[in-house]
Amino acid sequence: MCGIIGYIGHKPATPFLVEGLTRLEYRGYDSSGIAVRNGDLEIHKCAGKITDLVSILPKKIEGTSGIAHTRWATHGPPSDVNAHPHCSVDGKIALVHNGIIENARVLRNRLEKEGVKLQSDTDSEALVHLIHREISNGSKPLTAVRRTLKRARGTWGLCVIFEDHDTIICARNGSPLVIGVGDGENWIASDTLPLQARTQQVIRLEDGVLAEVTSEGVKTSRFDGRYSDSNVTTLDEDWGEAELGDYPHFMLKEIYDQPEALRQCLTGRLDLKDGNARLGGLGLTPKQLQKIPHVRLLGCGTALLASQVGRLVIEQLARVPALAHVSSEFRHNDPVIENNALHFAVSQSGETADTLAAIKEIQLKGGEVRGVINVVGSTIARQCGKGCYIHSGPEQAVASTKAFTNMVAALTLFAIQIGRARSLSRTRGKQLVKALKKLPQLVESYLDNPGSIMDAVDALKDAKSVLFLGRGISAPVAREGALKLMEIAYIPCLAYPAGEMKHGPIALLEEGSPVVVVAPNDSLKDKTISSIHECRARGAKIILIHEEGDSIAEEADIAISVPSTDPILSPILTVLPLQLIAYHTALILDRDVDRPRNLAKSVTVE
Ligand code: AGP
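Not measured: the values here are computed from a predicted model. (Residues numbered from 1 in each chain as written. Predicted model: local features only at pLDDT ≥ 70, side-chain atom pairs only at ≥ 80, totals over all residues. Heavy atoms only, no water.)

A. Structural detail: the overall build of the chain. Tallying secondary structure elements over the chain gives 18 helices and 26 strands in all. The C-alpha atoms of the chain give a radius of gyration of 25 Å, which matches the 25 Å a tight globule of 606 residues would have. With respect to the principal axes defined by its C-alpha atoms, the chain has extents near 80 × 55 × 45 Å. Looking at the chain as a whole, 61% of its 606 residues are labelled buried. Sequence separation of at least 24 residues holds for 72% of the intrachain contacts in the chain that already meet a minimum separation of 6. In the structure as shown, the chain presents an accessible area of about 22500 Å², 49% of it carried by carbon and sulfur atoms. Placing the 68 positive and 72 negative side-chain charges of the chain at their respective mean positions leaves the two points 6 Å apart. (Helix = DSSP H or I, 4+ residues; strand = E, 2+ residues; numbered from the N terminus. Rg over C-alpha atoms; globule rule 2.2 N^0.38 Å. Buried < 20%, exposed > 50% of the residue type's maximum accessible area, 1.4 Å probe, protein only. Contact = heavy atoms within 4.5 Å. Areas by Shrake-Rupley, 256 points an atom, 1.4 Å probe, with all protein chains shown as cover. Lys, Arg positive; Asp, Glu negative; His and termini not counted. Charge placed at Lys NZ, Arg CZ, Asp CG, Glu CD.)

Below you can see the structure in the form of C-alpha cells.
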C-alpha cells in the first residue's frame, strides 16, 4: 500500500531515492518524502505526487545514506504533516513505514500523556518516538527498534535512519521489504523493481526479521534476537524495462502488451500431441489430480474476477466443483478446509494482504495453497511455495489488464491439465490447445482494429451510472468491465448476470441509460438477446461486445466485435474492448489513468 526506498553507501543517496520512489509510485501516491543523512537529517516531504516532492527538493542534497516513502493513506488524510518520514522530537531519527499499527491509539495516548507532542494523525509516528526513547535510554539502533516493535501490534515494512549512527535499520512483518546487496553500498525497497538496475543479489526479508544495513554489509536477526541467515538470492526473472516507451500511459502499453504477455504465459505449457497442458510448478500428478474433491480460488478485485472465470472453466472442462472466493471475506467465514482439496491464490502483485491472510487460514487448517502469481518471488509466491507464474511482465498501471488475461489463460491451462487427468477427451483437449495457440494472434488482430470504442465512450462518458451485463462465463467479464470503468473513470457502475437484471436492477433504466452487454457466440447468446430486448424496451442504449460476423450486432446501438474463438476462451477477447472503453473514457474525463485517486496497485493492508 506504500512504497519504501533506502540507500546507504558511497554515492549521493538522493538520486536513487527519487528514482526509486518513481518506480514505486504505483504502490501509493497521495504524499511522499525523503530523509537524507547529511551531518544532520535533512527531511523533505509533502502531499501530492512525487513530482510535487521533486519540485520542493533543493538542487543538491549531500549525504550518502537516506530513506524515502510514497504513501497510500490508511490513518490520517494525505497532507504534508502526515507524509513520511516521521521524525523524533529532536529530529535525529527518521522512520518510514508501510503497514498498519493496530495498537497505535494506545501507543499515541501513552506518549501524549508523557508529554510527547505528536505532529501527525498517523499510526506510524508513534514508533519513531518510542525508538527515540530507547535510544535516549542508551540502546543501540537495532535494539531500540526491536524493543519498540515488541510493543507494537500490526504489520510493518519499515526503515529507520539515525543522525548519530551510520546505519539503516529495517524490519518486516507482513509488508514486503527487499535489500539489494552491492559492493560498499546497499539498497532497500518494497519490491525488486527499483533494485534491478543496481544489483541482482537480493535479500528478501521474511516476517519477524530485522536487518542492520550499513555500507559494508547486512546483518539480519530475528525478532527474538536469534540469528537469522541473510540468504542472498539472485533475481531470477528479468522483468525487462518497465518503461513507457512511446505510449502515453502504462495502462495503454499494458493493454497492447497482451499478445506478447499471453505468448509468455503459454510458452512451454501446451502439449498439442496429447491435447494437454503442463503447469509443472503445481507439482501435481494425474493421480493426484483425479483425487481432488474440489477446487477453491482466492483473489481480490481483478484477480477475483479472473478466478470467477477460472472456476467456470475448471468445472466445465474437469467436471470438478470449483468456487472463487473473495479473499477479504474468506477467513472471516470460518471456512471448512478439506486438506486434499486444491486451493489457488490468484494475485498479480503477490503482496495483497487479504489474499495472504486467506492463504494462512487455509495453511493453518492443514490445507495447501498454490499461487497463480505475476511477480516472481513475491510474498504470496513464497508463502505458497508452489504454483505457476503468469509471466505478464511488470504491470505498473493501477488498473490491471494483462494480468487479468494471463490469469484466465493460466487457469484455463490448469483446467485442461486436470480435465485430461479426468474425463476431458484428447480430441477436446486438442481443440482447446489449438485455440489457445491462436489466441495471442487473435488478441493482436483485435487490438490493431478495435472498432467503435469512441462511440461507446461518447455514450458512457456523461452517464450517471452504467449497467454491465453478461451470462455464464461472460458475467465475470462484465464485472471486470465495470471495475475498470469505476476505478479509472470514477463512473458508478453495476455489473449483473444478465438473467438477474430483471429481478431488480432493471428499475434503474430510463431513456438513454447505457447498458454494456457481453455476448459471445455461446449457448447463452439467445437468452442474452432477451435481456437486451428487456433493456431496450425501457429506453436503454445498448453497447454490445460480440463475436465478429454474429447477427446479434443488429440488436445493439453500438456493436463492437472481437474475433471468434472457442466459447470457453472468449473472456480473453471480450474483455479487450472493455479495457479500451475504460481507458479512453478516463482520458476524455481527464482522469489520472495510471494513478487513479484513492487507489494503489498493491493493497498490502487488510
Ligand atoms: C484491478 O484493476 C485493481 N487494481 C485491483 O482490484 C487489483 O486487481 C486487486 O487489488 C488485486 O491485486 P493483486 O492481483 O495484486 O492481488
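B. Geometry of the pattern of salt bridges. In this structure the tally under the stated criterion is 31 salt bridges. In this structure, Glu62 and Lys60 form a salt bridge, with 3.8 Å as the shortest nitrogen-oxygen distance. Here Arg428 and Asp566 are joined by a salt bridge, their closest N and O atoms 2.6 Å apart. Pair noted here: Arg428 is in helix α14 (residues 426-448) and Asp566 is in the loop between β26 (558-562) and α18 (571-588), with a separation of 138 residues, a long-range link. Judged by its relative accessible area of 14%, Asp566 falls in the buried class. One salt-bridge network, in which partners are shared between bridges, spans Glu19, Arg23 and Arg198. (Salt bridge = Lys/Arg side-chain N within 4 Å of Asp/Glu carboxyl O.)

C. Focus on the sheet that holds strand β4 (residues 65-71). In spatial order, the strands read β3-β2-β4-β1-β10-β9-β11-β14; together these eight strands make up an open sheet with antiparallel pairing. Strands with a single pairing partner mark the edges of an open sheet, and in this sheet they are β3 (40-47) and β14 (233-234). Note: strand β9 (residues 178-181) against strand β10 (residues 186-189), four bridges, orientation antiparallel. Along β10, the bridge assignment pairs Gly180 with Trp187. Of the strands in this sheet, β1 (3-8), β2 (31-38), β4 and β10 touch helix α1 (residues 14-24), which is tilted by about 160 degrees from β1. (Pairing = 2+ DSSP bridges. Axes fitted to C-alpha atoms, helices over the stretch in contact; angles between N-to-C directions.)

D. Inspection of unusual backbone geometry at higher detail. Note that the residue after His84, namely Pro85, is joined by a cis bond; omega there is 5 degrees. With respect to the helices and strands, Pro85 occurs in the loop between β4 and β5 (86-87). Although it is not a glycine, Arg319 sits at a positive phi angle of roughly 55 degrees. Within the fold, Arg319 resides in the loop between α9 (301-318) and β18 (322-326). The class of Arg319 is exposed, set by a relative accessible area of 58%. In this model, Asp590 sits at a positive phi of 60 degrees, which is unusual for a non-glycine residue. Given a relative accessible area of 68%, Asp590 falls into the exposed group.

E. The packing of aromatic side chains, seen in detail. Within this structure, the stated rule accounts for five aromatic pairs. Between Tyr7 and Trp187, the aromatic rings sit 6.2 Å apart at their centres with planes inclined by 50 degrees, giving tilted as the arrangement. Remark: Trp187 occurs in strand β10 and Tyr7 occurs in strand β1; sequence separation between them is 180 residues. Summarising the burial analysis for this pair, Tyr7 and Trp187 share the class buried. Ring centres of Phe344 and Phe414 lie 4.7 Å apart, and the angle between their planes is 75 degrees; this geometry places the pair in the edge-to-face category. Residue Phe344 is found in strand β19 (residues 342-347), and its partner Phe414 is found in helix α13 (residues 402-420); the two are separated by 70 residues along the sequence. The exposure class assigned to Phe344 is buried, which follows from its relative accessible area of 1%. Put simply, the rings of Tyr7, Phe16 and Trp187 pair up and form one aromatic cluster. Above the ring of Phe223, the side-chain terminus of Lys150 is found at 5.0 Å from the ring centroid. Here Arg597 stacks its cationic end above the ring of Tyr490, 3.9 Å away from the centre of that ring. (Phe/Tyr/Trp six-rings, centres within 6.5 Å; stacked < 30°, edge-to-face > 60°. Lys NZ or Arg CZ within 6 Å of the ring centre and 35° of its normal.)

F. Main features of the sheet that holds strand β8 (residues 168-173). Judged by pairing direction, the sheet is antiparallel, and its six strands sit side by side in the order β5-β6-β7-β8-β12-β13 without closing on themselves. Each edge of the open sheet is held by one strand with a lone partner, namely β5 and β13 (218-222). In terms of strand pairing, strand β12 (residues 209-213) meets β13 through five bridges, oriented antiparallel. Within β13, the residue paired with Val209 across the bridge is Arg222. Helix-sheet contacts for helix α4 (residues 125-136) involve β5, β6 (93-98) and β7 (156-162), and the interaxial angle to β6 is about 140 degrees. Strands β7, β8, β12 and β13 of the sheet are contacted by helix α5 (residues 141-150), whose axis makes an angle of about 145 degrees with β7.

G. A look at the packing of α13 against α14. Two numbers describe how α13 lies on α14: the axes approach to 10 Å, and their chain directions differ by 165 degrees. Between α13 and α14, the angle is such that the two are roughly antiparallel. α13 and α14 meet at a crossing whose hand is left-handed. Taken together, the residues of α14 that come into contact with α13 (itself represented by Thr412, Leu413, Ile416 and Arg420) are Arg426, Gly429, Leu432 and Leu436. When its residues are assigned to classes, the contact of α13 with α14 shows four nonpolar, two polar and two charged. (Parallel < 35°, antiparallel > 145°, perpendicular 65-115°, else oblique. Left-handed = near helix turned anticlockwise from the far one by under 90°. Nonpolar A, V, L, I, M, F, W, Y, C, P; charged D, E, K, R; others polar.)

H. Representation of the site of the ligand. Neighbouring the ligand are 15 residues; Ser347, Ser349, Thr352, Val398 and Glu487 lie closest to it. At a separation of 3.0 Å, an oxygen atom of the ligand approaches a polar backbone atom of Thr302. Between an oxygen atom of the ligand and a side-chain N or O atom of Lys484, the distance comes to 2.9 Å. Bound to the protein, the ligand loses 92% of the 410 Å² it would expose on its own. Within the residue set of the shell around the ligand, elements represented by two or more residues are α9 and α16 (475-489). Counting residues per element, the shell around the ligand draws most heavily on α9, at three residues. (Near = heavy atom within 4 Å. Polar contact = N/O pair within 3.5 Å; in protein donor to acceptor, adjacent residues only side chain to side chain.)

I. Layout of the side chain of Asp594. Inspection of the secondary structure puts Asp594 in the segment after α18. Of the side chains with opposite charge, Arg595 comes closest to the buried, unpaired Asp594, at an N-O distance of 5.7 Å. Polar side-chain contacts of Asp594 include one of 2.6 Å to the backbone nitrogen of Phe250. Non-local contacts of Asp594, meaning those with residues more than four positions away in its chain, are made with His249, Phe250, Met251, Ala397 and Val398.

J. Structural detail: the environment of Gly99. Structurally, Gly99 is set in the loop between β6 and α3 (104-113). The exposure class assigned to Gly99 is buried, which follows from its relative accessible area of 8%. Considered as a pair, Gly99 and Asp207 are 108 residues apart in the sequence and their alpha carbons are 13 Å apart.

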